[in-house]
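If you want the building blocks of each chain, they are given just below.
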Amino acid sequence: MTSPRRRFGIPDIFDACGFKYIREHSMTPPNLVNELQGFEQFVFRKFYAGNLTRKLYRLYEYQKG
């Protein structure tokens, strides 16, 4: 699997240093969001689990080797 940064033509320093891209993790897993109730769930989905948040905050997993 190629690093997501390569898709945008950005050189990936992690590849140059011997790190291999594993996967992208969700910062707000749906199962945890679904544990919220009513208004809390509505607000959380709008402000912290929406499309804009996915574009701003990303968590990538790399492995050495």
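Residues numbered from 1 in each chain as written. Predicted model: local features only at pLDDT ≥ 70, side-chain atom pairs only at ≥ 80, totals over all residues. Heavy atoms only, no water.

**Q** For this particular structure, what's the right way to read the overall build of the chain?
**A** Of the regular secondary structure elements, the chain holds 4 helices and 2 strands. Ordered by position from N to C terminus, the α and β elements of the chain give α-β-α-α-α-β. Pairs at least 24 apart in sequence give 60% of the contacts found in the chain among residues at least 6 apart. Total accessible area on the chain is roughly 5500 Å²; 59% of this is exposed by carbon and sulfur atoms. (Helix = DSSP H or I, 4+ residues; strand = E, 2+ residues; numbered from the N terminus. Contact = heavy atoms within 4.5 Å. Areas by Shrake-Rupley, 256 points an atom, 1.4 Å probe, with all protein chains shown as cover.)

**Q** Would you mind going over the environment of T28 with me for this structure?
**A** On the secondary structure map, T28 appears in the loop between β1 (19-25) and α2 (30-33). In this structure, the C-alpha to C-alpha distance between T28 and Y48, residues 20 residues apart in sequence, is 7.5 Å.

**Q** Would you mind going over the confidence of the model for the chain with me for this structure?
**A** For any part of a model where pLDDT is low, the fine detail of the predicted coordinates should not be relied upon. Averaged over every residue, the pLDDT of the chain is 77; residues scoring 70 or more account for 82%. The least confident element of the chain is helix α1 (residues 13-16), whose mean pLDDT is 72; the most confident is helix α3 (residues 38-47), at 88. (pLDDT = per-residue confidence, 0-100.)

**Q** Even after reading the chapter, I still don't get the environment of Y57, so can you show me in this structure?
**A** With respect to the element layout, Y57 can be found in the loop between α4 (51-56) and β2 (59-64). For the pair Y57 and M27, spaced 30 residues apart in sequence, the C-alpha to C-alpha distance is 7.4 Å.

**Q** Any chance you could explain a nonpolar patch on the surface here in plain terms?
**A** Side chains of M27, L52, L56, Y57 and L59 sit close together on the surface and give an oily, nonpolar patch of about 560 Å² of accessible area. Judged by relative accessible area, L56 falls into the exposed class, the value being 56%. (Patch = residues over 30% accessible without salt bridge, like charges linked within 9 Å, V, L, I, M, F, W, Y side chains within 5 Å. Salt bridge = Lys/Arg side-chain N within 4 Å of Asp/Glu carboxyl O. Buried < 20%, exposed > 50% of the residue type's maximum accessible area, 1.4 Å probe, protein only.)

**Q** Whenever I open this one, the layout of surface pockets confuses me. Can you help?
**A** To locate leftover empty space, one rolls a probe as large as a water molecule over the atoms. Volume-wise, the largest pocket comes out at about 210 Å³. Lining the largest pocket are 14 residues; nearest its centre among them are S26, M27, T28, A49 and R54. Among the secondary structure elements, those contributing two or more residues to the lining of the largest pocket are β1, α2 and α4. (1 Å grid on protein atoms, 1.4 Å probe; cavity = no way out; pocket = protein on both sides within 12 Å on 5 of 7 lines; lining within 4 Å. Points joined across faces, edges and corners; volume = space filled by probe spheres on them.)

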